[in-house]
Amino acid sequence: MVRTDLSRDPVVFEELTCAFCSGRGRDPFDIMSSLSTCCVCGGSGKVLVKAPAVACAHCRGTGAVKTLTCTTCDGRGFVPQPLSPTVSCPLCKGSGDDASAPAMACLKCRGTGWMMEQFRKENRVHE
Ligand SMILES: [Zn+2]
Ligand SMILES: [Zn+2]
Ligand SMILES: [Zn+2]
């Protein structure tokens, strides 16, 4: 008899303070008005990120790049960390920024600052 393992990798979410508005639930940059709701958390001041969550490298956990929501974490300030081993991104050295335009996310790691070890091995140039 084959047992199906239903308990494998349950998806758990962490409730975190919205980094973009610092939990205030309001537009932090007065783009519409200071009274408009935060576009990231919808005014709740809380965001859900798949656990384990780590601070986003591209926006330094602030959720914002200049006055725009960070494209890496969608303004949450945190990104879900993969369970497989990761290595620091060789292109941006872990900063998550594009070298030519720091406001843009690094193309190689999509702004996370790290990448799957597996992925790097597959793409490694022979030394
Ligand atoms: Zn918010
Ligand atoms: Zn970010
Ligand atoms: Zn990178």
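Residues numbered from 1 in each chain as written. Chains lettered and ligands numbered in written order. Predicted model: local features only at pLDDT ≥ 70, side-chain atom pairs only at ≥ 80, totals over all residues. Heavy atoms only, no water.

(A) Region of the structure containing the overall build of the protein. Along the protein, the regular secondary structure elements total one helix and eight strands. When the helices and strands of the protein are listed from N to C terminus, the series reads β-β-β-β-β-β-β-β-α. Taken over 127 residues, the protein has a buried fraction of 34%. Contacts spanning at least 24 positions in sequence make up 59% of the contacts within the protein whose residues lie at least 6 apart. Carbon and sulfur atoms form 55% of the exposed surface of the protein, whose accessible area is close to 8,600 Å². (Helix = DSSP H or I, 4+ residues; strand = E, 2+ residues; numbered from the N terminus. Buried < 20%, exposed > 50% of the residue type's maximum accessible area, 1.4 Å probe, protein only. Contact = heavy atoms within 4.5 Å. Areas by Shrake-Rupley, 256 points an atom, 1.4 Å probe, with all protein chains shown as cover.)

(B) Focus on the layout of surface pockets. Quantified by volume, the largest pocket comes out at close to 290 Å³. What lines the largest pocket is a set of 13 residues, and nearest its centre among them are Cys109, Arg110, Thr112, Trp114 and Met115. Looking at the lining of the largest pocket, the elements with two or more residues in it are strand S6 (78-80) and strand S8 (114-116). Computed from the structure, the second largest pocket encloses a volume of approximately 190 Å³. Lining the second largest pocket are eleven residues, with Pro10, Lys50, Ala51, Pro52 and Leu83 positioned closest to its centre. Tallied by class, residues from the lining of the second largest pocket come to eight nonpolar, one polar and two charged. (1 Å grid on protein atoms, 1.4 Å probe; cavity = no way out; pocket = protein on both sides within 12 Å on 5 of 7 lines; lining within 4 Å. Points joined across faces, edges and corners; volume = space filled by probe spheres on them. Nonpolar A, V, L, I, M, F, W, Y, C, P; charged D, E, K, R; others polar.)

(C) Fine view of the coordination of the zinc ion (ligand 3). Within the protein, the zinc ion (ligand 3) binds to Cys89 (SG), Cys92 (SG), Cys106 (SG) and Cys109 (SG); these donor distances fall in the range 2.3 Å. Bound by four donor atoms, the zinc ion (ligand 3) shows angles of 104 to 116° at the metal and therefore tetrahedral coordination geometry. Here the donor residues of the zinc ion (ligand 3) are spaced in sequence according to C-x2-C-x13-C-x2-C. With Cys89 in the loop between strand S7 (86-88) and S8 and Cys106 in the loop between S7 and S8, the pair connects residues that are 17 residues apart, well separated along the chain. (Donors = N, O, S within 2.8 Å, 3.2 Å for Na, K, Ca; no water. Tetrahedral: all angles 85-135°; square planar, octahedral: opposite > 155°, others 65-115°.)

(D) Local environment of the environment of Gly111. By the secondary structure assignment, Gly111 is in the loop between S7 and S8. The exposure class assigned to Gly111 is buried, which follows from its relative accessible area of 0%. Residues Gly111 and Gly94, 17 residues apart in the sequence, show an inter-C-alpha distance of 8.5 Å. Gly111 has contacts with Cys56, Ala57, His58, Thr72, Gly96, Ala105 and Cys106, leaving out every residue within four places of it along the chain.

(E) Here's a closer look at the coordination of the zinc ion (ligand 1). Listed as protein donors to the zinc ion (ligand 1) are Cys18 (SG), Cys21 (SG), Cys38 (SG) and Cys41 (SG); their distances from the metal cover 2.3 Å. In this structure, the zinc ion (ligand 1) is coordinated by four donor atoms arranged in tetrahedral fashion, with angles at the metal of 102 to 115°. Here the donor residues of the zinc ion (ligand 1) are spaced in sequence according to C-x2-C-x16-C-x2-C. Of the two residues, Cys18 is situated in the loop between strand S1 (13-17) and strand S2 (46-50) and Cys41 in the loop between S1 and S2; the sequence distance between them amounts to 23 residues.

(F) Quick look at the packing of aromatic side chains. Taken as a whole, this structure holds one aromatic pair when the rule is applied. Ring plane angle 70° and centroid distance 5.5 Å describe the contact between Phe20 and Phe29, whose orientation is recorded as edge-to-face. Take Phe20: its relative accessible area is 6%, and that puts it in the buried class. (Phe/Tyr/Trp six-rings, centres within 6.5 Å; stacked < 30°, edge-to-face > 60°.)

(G) Representation of the pairing of S2 in the model. Here S2 shows a buried face lined by Val47 and Val49 and an unburied face lined by Lys46, Leu48 and Lys50. When S1 meets S2, the two strands line up antiparallel, connected through five bridges. Bridge pairing in S2 places Thr17 opposite Lys46. (Pairing = 2+ DSSP bridges.)

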